[in-house]
Amino acid sequence: MPPHKQLRSGVTTGASAAAAAKAAASAFFLGLFPAAVSVVNPAGKEIKVPIHRYYDLPGGKGAAVIKDGGDDPDVTHGLEIKVAVAPAPQGVITLLGGEGVGIVTRPGLQVAVGQPAINPIPEQMIKTALAQVLPPEQGCTATISVPGGLKAAERTLNPRMGIVGGISILGTSGIVRPMSEEAFKDSLAPQLDLALAAGFKSVVLTPGRMGWRNALQYHLPESALVEMSNFVGFMLDACVEKGINKVLLWGHYGKLIKVAAGIFHTHSRIADARGETMAALAASLGAGPATVRAIMSCNTTEAMMQILAEHNLPEVLDLAARRASARAAEYAKGRLIVGTALLSMDGRLVAADRQAQAIGSELGWLVSQ
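Computed from a prediction, not measured in an experiment: that's the story for all the values here.

Our next topic: the overall build of the protein. In terms of helices and strands, the protein carries 14 helices and 18 strands. Relative to a compact globule of 369 residues, whose C-alpha radius of gyration would be 21 Å, the protein shows 22 Å and is just as compact. Over its C-alpha atoms, taken along the principal directions, the protein stretches across nearly 65 × 55 × 35 Å. In the protein, buried positions account for 51% of the 369 residues. Restricting to contacts in the protein with at least 6 residues of sequence separation, those with at least 24 account for 68%. Taken as a whole, the protein presents about 16,200 Å² of accessible surface, with 54% of it coming from carbon and sulfur. Of the side chains in the protein, 33 bear a positive and 29 a negative charge, and the two mean positions are spaced by 2 Å.

To continue, consider the side chain of Lys-67. Looking at where Lys-67 falls in the secondary structure, it is placed in the loop between strand S5 (60–66) and strand S6 (80–88). Residue class for Lys-67 comes out buried when judged on its relative accessible area of 1%. Excluding its chain neighbours within four sequence positions, the residues that come into contact with Lys-67 are Val-11, Thr-12, Thr-13, Ser-16, Asp-74, Thr-76, His-77, Gly-78, Leu-79, Ile-81 and Val-176.

By the definition in use, this model includes five aromatic pairs. Geometrically, the ring pair formed by Phe-33 and Tyr-54 is edge-to-face, given 5.1 Å between the ring centres and 80° between the ring planes. Taken together, the positions of Phe-33 in the loop between helix H1 (13–30) and strand S2 (36–40) and Tyr-54 in strand S4 (residues 53–57) put the pair 21 residues apart, joining distant regions of the chain. Residue classification places Tyr-54 among the partly exposed positions, given a relative accessible area of 24%.

Below, the discussion takes up the packing of helix H10 (residues 274–284) against helix H13 (residues 315–331). Their axes nearest at 9 Å, the elements H10 and H13 cross at an angle of 110°. Put simply, H10 runs roughly perpendicular to H13. Judged by the sense of rotation from one axis to the other, the crossing of H10 with H13 is right-handed. Residues Met-278, Leu-281, Ala-282 and Ser-284 of H10 lie in contact with H13, whose contacting residues are Val-316, Leu-317, Leu-319, Ala-320 and Arg-323. When grouped by side-chain class, the residues that make up the contact of H10 with H13 number seven nonpolar, one polar and one charged.

What follows is about the sheet that holds S5. Spatial ordering of the open sheet is given by S4-S5-S6-S10-S7, a layout of five strands whose pairing is mixed. Strand pairing shows two members of the sheet lacking a second neighbour, S4 and strand S7 (93–97), which therefore form its edges. Across this sheet, the average inter-strand angle for adjacent strands is 20°, counted without regard to direction. In this sheet, S6 lies alongside S5 in antiparallel orientation, the contact comprising six bridges. Residue pairing for S6: Ala-64 is matched across the bridge by Lys-82. Along the sheet, H1 makes contact with S4, S5, S6 and strand S10 (139–145), crossing S6 at roughly 45°. Sheet strands in contact with helix H2 (residues 120–133) are S6, S7 and S10, and its direction is about 130° off that of S7.

What follows covers the sheet that holds strand S16 (residues 246–252). With mixed pairing, the five strands of this open sheet are ordered in space as S15-S14-S16-S17-S18. For this open sheet the edge positions go to strand S15 (225–227) and strand S18 (349–352), each flanked by a neighbour on one side alone. For this sheet the average axis-to-axis angle between neighbouring strands, irrespective of direction, equals 25°. Here three bridges tie strand S17 (residues 337–343) to S18, and the two strands are oriented antiparallel to one another. In the strand pairing of S18, Leu-342 is matched with Ala-351. The sheet contacts of helix H8 (residues 232–242) involve strand S14 (202–206), S15 and S16, and relative to S14 the element is tilted by about 165°. Sitting on the sheet, helix H9 (residues 253–260) touches S16, S17 and S18, and the angle it makes with S16 is about 130°.

Note that predicted coordinates carrying low pLDDT should not be read in detail. The pLDDT averaged across the protein works out to 91; a share of 95% of its residues lies at or above 70. Confidence, read as mean pLDDT per element, is least for helix H5 (residues 181–188) in the protein (68) and greatest for strand S8 (residues 100–101) (98).

Calculation criteria
The residue numbering used here restarts from 1 in each chain and proceeds along that chain's sequence as written. The predicted nature of this model means local features are confined to residues of pLDDT at least 70 and side-chain atom pairs, given and counted, to a pLDDT of 80 or more, with totals for whole chains, interfaces and linings taken over all residues. Calculated side-chain values reflect all of the structure's heavy atoms, with hydrogen atoms and water omitted. Starting at the N terminus, helices and strands are each numbered in turn, a helix being any DSSP run of H or I of at least four residues and a strand any DSSP run of E of at least two. Here the globule rule is a power law, 2.2 Å times the number of residues to the power 0.38, and the radius of gyration is based on C-alpha atoms. The rule is simple: take the accessible area with a 1.4 Å probe, protein chains only, and divide by the maximum for that residue type; under 20% is buried, over 50% is exposed, in between is partly exposed. The criterion used for residue contact is that any of the two residues' heavy atoms lie within 4.5 Å. All accessibility values rest on the Shrake-Rupley procedure with a 1.4 Å probe; residue burial counts only the protein chains present in the view. Just so you know, the count uses Lys and Arg for positive and Asp and Glu for negative, and it drops His and the chain ends. A charged residue contributes its charge at one atom only: NZ of Lys, CZ of Arg, CG of Asp or CD of Glu. The criterion for an aromatic pair is that two Phe, Tyr or Trp rings (for Trp, the six-membered ring) have centres within 6.5 Å, with stacked assigned to planes under 30 degrees apart, edge-to-face to planes over 60 apart and tilted to the rest. Lines fitted to C-alpha atoms define the axes here, with helix axes fitted over just the stretch in contact, and angles between the N-to-C directions of these axes take values from 0 to 180 degrees. Oblique is the label for any angle not under 35 degrees, not over 145, and not in the 65 to 115 range, which are roughly parallel, roughly antiparallel and roughly perpendicular in turn. Throughout, a crossing is termed right-handed when the near helix is turned clockwise from the far one, and left-handed when it is turned anticlockwise from it by less than a right angle. Any residue that is not Ala, Val, Leu, Ile, Met, Phe, Trp, Tyr, Cys, Pro, Asp, Glu, Lys or Arg is counted as polar, Gly included; the first ten are nonpolar and the last four charged. Strand pairing is defined by DSSP finding a minimum of two bridges between the two strands. Confidence of the predictor at the level of single residues is given by pLDDT, which spans 0 to 100.

Below you can see the structure in the form of structure tokens.
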């Protein structure tokens, strides 16, 4: 990007908590009080995080990080992410949620009902950070708290998703990428130039890093992978303008099912018709009123999938993939061949239309994987 358009990245709540935990453990077990610590994300990238302060506890130590959202409009920006560490036996590391960290109350999320809303990847980052400084065979209990988290959560989707009492500890990469719309769009389109320069006239558009990683696991070429964030329509237009011929939409069904409804800006604050879309598709395949109402009452697509499984309606996602492709091709006024592949949260392929399989095969996708 040109210098005047560069935006500053931030650090996720998960990486902030991992840094605070590592600092607190360093203080208690090693007697060290670093001004900043490095934590490692799932891709192996080190993220350096400044420590705001240390504090004493009966039988333990605490450390705090000020959440830095960078230039992203992040509701958690400026909050204090605190972690209190106390020793535990037998090398076991246990994470607890304290003040301002939400509790999951409904099924269908990545975290079990009754547990603190600490997603699996941040949980692993925190435990890895702790393990780096704990003495051999030493365990610990780390309690994460976020003063002000309850208030901040009111500005998120947590209440609708059944997460009560605070924010979630999130982040798949540890890094918050700025979402200022125009500047961010300007940073997305050049990826298509790189794909074309590598000889690809067919590309894979995926919402984010999770889809990117899963695409690599299916042997899709990295040079053809393009992040589109929430800007499906913008990137389809960019593909047409730059001479791309074929597009494979690749990502979690909770995001791409919106395209099946003709939604081309998929941020939840702009459009969130997942339940309505899933219910309409199920009804078109014969689902009765009770099933439709059950789908409409769900807060997550994972919960909707459970209902589809209970009522033997797996073809709903196949229909969603076909409709997403048709709506995207219509949006592009027939100037693109579009296929859609839908993935579960754990990266399993759950639906792919014929165009998706054809485009993917051309790119080297191992469809049977």
